Amino acid sequence: PPYTQRGDRAVAMACTPLLVVVFLFTVSPFVPTDGQQPPNIFLVLVDDWGWANVGYHRHPSTREVDTPNIDRLCKEAGIELDNFYAHAVCGPSRASLMSGRFTIHVSVDNGDVTMNNPDNTLDGYAGIPPPMTGIGEKLQKAGYVTHQVGKWDAGMVIPEQIPVSKGFNSSYGFFHHGGDYYTYKTSHCPNLNITGKQIRDFWDTDQPANVNINEETYVEILYRERMEDIIHNHDSSQPLFLYYSPHLVHTPLQVPEEYVNQFLFIEDEERRIYAAMTKLLDVNIGAVELALKTAGLWDNTLMVVTSDNGGT
């Protein structure tokens, strides 16, 4: 569809996963000329984010949706791509984006993430099949340093499916569909015969994340801090690929009270919390933008914001 580009930086809001993959995969054979370096890439995949849950889609505007950073990035410096389709549920949509393939060719089931067929060791697993390449591997071959922060949900049955085996130098977050924002636990692993039991699903690459579980820090704050740390310590002589896949705004509806207090005018409790979660998402995106600018990386960064699915 027609679009208007503002400024010298592409900030694509609500970009189709297919277009993102096309761009990223065409970076692979990039050959620098005259010292030119490929752009850094900051890819944000929001979880269950509805079309009307961003400020610039609300006409007239409403206090219920407060996303000033995202609105500014889209309207002042970006491109909005608003004519595309994504899969209707989390896992297949994420597997499609990370592999560059339509869901029918990679993963169509959003069931238990531990599902597997013991008679099929090639692709008999939930999520991306182990032999299948994806964005991370392609960009590593192009010289990128790659990091994933947030919810993976694209394969975790065997180690060959987790982010570090799919081309990411590091990862930090949930492997599962999602869990509690404060305890980092999930209870949805029926194939492990532990239905109803709480499993802590918070990983730092291929090891349990070293966080104080007694403090119960809201996980998206930890994600923000990790991304800021990655950017601060990044060697600018290499292009950066930072994939932020927040658990926001997926259930359970949980968010620090300081954000809820900004939406007390909303009578319905669930809508109030959802609005607060959306606000925190916007704060995190603004914080990463600031970190990239502080590190001198912003002027050569392609930022893409989209969602895996969401209501219309």
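On a predicted model such as this, the values are computed, not experimentally measured, just so you know.

Student: Give me the lowdown on the environment of D204, citing residues and values where you can.
Tutor: Looking at where D204 falls in the secondary structure, it is placed in strand β8 (residues 203-204). The exposure class assigned to D204 is partly exposed, which follows from its relative accessible area of 26%. Each C-alpha atom, one on D204 and one on V164, is 9.9 Å from the other, the two residues being 40 residues apart in sequence. Setting aside chain neighbours within four positions, we find D204 in contact with S171, Y172, A209 and R226.

Student: Break down the packing of helix α2 (residues 68-77) against helix α7 (residues 269-294) for me, with residues and values.
Tutor: Two packed helices can be described by the angle between their axes and the distance between those axes. Where α2 meets α7, the axes come as close as 7 Å, and the angle between the chain directions of the two elements is 55°. What the angle tells us is that α2 and α7 run oblique. The residues of α7 that touch α2, namely those facing P68, N69, I70, R72 and L73, are K279, D282, V283, I285, G286 and E289. Residue classes in the contact of α2 with α7 are distributed as five nonpolar, two polar and four charged.

Student: Report on the confidence of the model for the protein chain, specifying residues and quantitative values.
Tutor: For the protein chain, the average pLDDT comes to 84, and 84% of its residues sit at 70 or higher. In this model residues 1-29 is a low-confidence stretch, pLDDT under 50, and it forms 79 contacts with partners more than four residues away in sequence or in other chains.

Student: How would you explain a negative patch on the surface if you had to name every residue and give the values?
Tutor: Side chains of E267, D268, E269 and E270 sit close together on the surface and give a patch of like negative charge. Relative to the assigned elements, D268 resides in the loop between α6 (257-260) and α7. For D268, a relative accessible area of 40% corresponds to the partly exposed category.

Student: Lay out the pattern of salt bridges with the relevant residues and their values.
Tutor: By the definition in use, this model includes 10 salt bridges. Residue D47 pairs with K151 through a salt bridge whose shortest N-O separation is 2.7 Å. Pair noted here: D47 is in the loop between β2 (40-46) and α2 and K151 is in the loop between β4 (145-150) and β5 (170-173), with a separation of 104 residues, a long-range link. The exposure class of K151 is buried, given its relative accessible area of 0%. The closest approach of N and O atoms between E64 and R271, which form a salt bridge, is 2.5 Å. With E64 in the loop between β2 and α2 and R271 in helix α7, the pair connects residues that are 207 residues apart, well separated along the chain. For E64, a relative accessible area of 18% translates into the label buried. Three or more residues joined by partner-sharing salt bridges are found here, namely D47, R94, K151, D153 and D308.

Student: Got a sec to walk through the pairing of strand β11 (residues 301-307)? Specific residues and values, please.
Tutor: Across the seven residues that make up β11, a large majority, seven, are buried. Of the two faces of β11, the one carrying T301, M303, V305 and S307 and the one carrying L302, V304 and T306 are both buried. As judged from the seven bridges shared by β2 and β11, these two strands associate in the parallel manner. From the neighbouring strand, F42 faces β11, where its bridge partner is M303.

Student: Just give me the short version of the environment of D235, but keep the residues and values in it.
Tutor: Among the secondary structure elements, D235 is positioned in the loop between α5 (219-232) and β10 (240-245). When the C-alpha atoms of D235 and V145 are compared, they prove to be 8.9 Å apart, with 90 residues separating the residues in sequence. Among the polar contacts made by the side chain of D235, one reaches the side chain of S237 at a distance of 2.8 Å.

Student: Break down the side chain of T103 for me, with residues and values.
Tutor: Tracing the backbone through its elements, the reader meets T103 in the loop between α3 (90-99) and α4 (135-141). Classification of T103 as buried rests on a relative accessible area of 18%. Among all residues touching T103, those that are not within four sequence positions of it are H87, P92, S93, S96 and V108.

Student: Report on the nonpolar core, specifying residues and quantitative values.
Tutor: Formed by 49 residues in total, the largest nonpolar core has its most connected members in F42, W49, F202, L242 and V255. Mapped onto this core, the elements with two or more residues apiece are β2, α2, α5, β10, α6, α7 and β11. Ranked by the residues each element gives to this core, the list is headed by α7, at 11 residues. Residues within four places of W49 in sequence aside, it is in contact with V54, I70, V249, Y274, T278, L281, V305, T306, S307, N309 and G310.

Student: Tell me about the pairing of β4, residues and numbers included.
Tutor: Counting buried positions along β4 yields six of six residues, so the element is predominantly enclosed. As paired elements, β4 and β10 share six bridges and run parallel to each other. For Q148, the partnering residue across the bridge sits in β10 and is Y243. Direction of pairing for β4 relative to β5: parallel, over a ladder of three bridges. Within β5, the position partnered with H147 by the bridge is S170.

Reading the values: the criteria
Per-chain numbering applies: the sequence of each chain, read as written, is numbered from 1 onward. Reporting in this predicted model follows two pLDDT cut-offs: at least 70 for local features of residues, and 80 or more for side-chain atom pairs to be given and counted; totals over whole chains, interfaces and linings ignore these cut-offs and use all residues. Excluded from the side-chain calculations are hydrogens and water; all other atoms, namely the structure's heavy atoms, are used. A run of H or I in DSSP counts as a helix once it spans at least four residues, and a run of E counts as a strand once it spans at least two, with each numbered from the N terminus. Only protein chains enter the accessibility calculation, which uses a 1.4 Å probe; a residue whose area is less than 20% of its type maximum is buried, one above 50% is exposed, and one in between is partly exposed. Residue contacts are counted whenever heavy atoms from the two residues lie within 4.5 Å of one another. Axis lines are fitted to C-alpha atoms, over the contacting stretch for helices. Their N-to-C directions set the angle, which ranges from 0 to 180 degrees. Under this scheme an angle from 65 to 115 degrees is roughly perpendicular, one under 35 degrees roughly parallel, and one over 145 degrees roughly antiparallel; angles in between are oblique. Each residue gets one label: Ala, Val, Leu, Ile, Met, Phe, Trp, Tyr, Cys and Pro are nonpolar, Asp, Glu, Lys and Arg are charged, and the others, such as Gly, are polar. Each residue carries a pLDDT score, the predictor's own confidence in it, on a scale running from 0 to 100. Candidates for patches are residues over 30% relative accessible area with no salt bridge; among them, like charges are joined within 9 Å and nonpolar side chains (Val, Leu, Ile, Met, Phe, Trp, Tyr) within 5 Å. Per-residue and other accessible areas were derived by the Shrake-Rupley procedure at a 1.4 Å probe size, with only the shown protein chains allowed to occlude residues. The salt bridge criterion pairs a side-chain nitrogen of Lys or Arg with a carboxyl oxygen of Asp or Glu, the two atoms within 4 Å. Positive charge is attributed to Lys and Arg, negative charge to Asp and Glu, and no charge count is given to His or to the chain ends. Think of each charge as sitting on NZ of Lys, CZ of Arg, CG of Asp or CD of Glu. Being paired, for any two strands, means DSSP has found at least two bridges between them. Residues adjacent in sequence count toward polar contacts only when both atoms are side-chain atoms; beyond that, a polar contact is any pair of N or O atoms within 3.5 Å, and within protein one must be able to donate a hydrogen and the other to accept it. Residue types Ala, Val, Leu, Ile, Met, Phe, Trp, Tyr and Cys, when buried and joined through side-chain atoms within 4.5 Å, form a set referred to as a nonpolar core.

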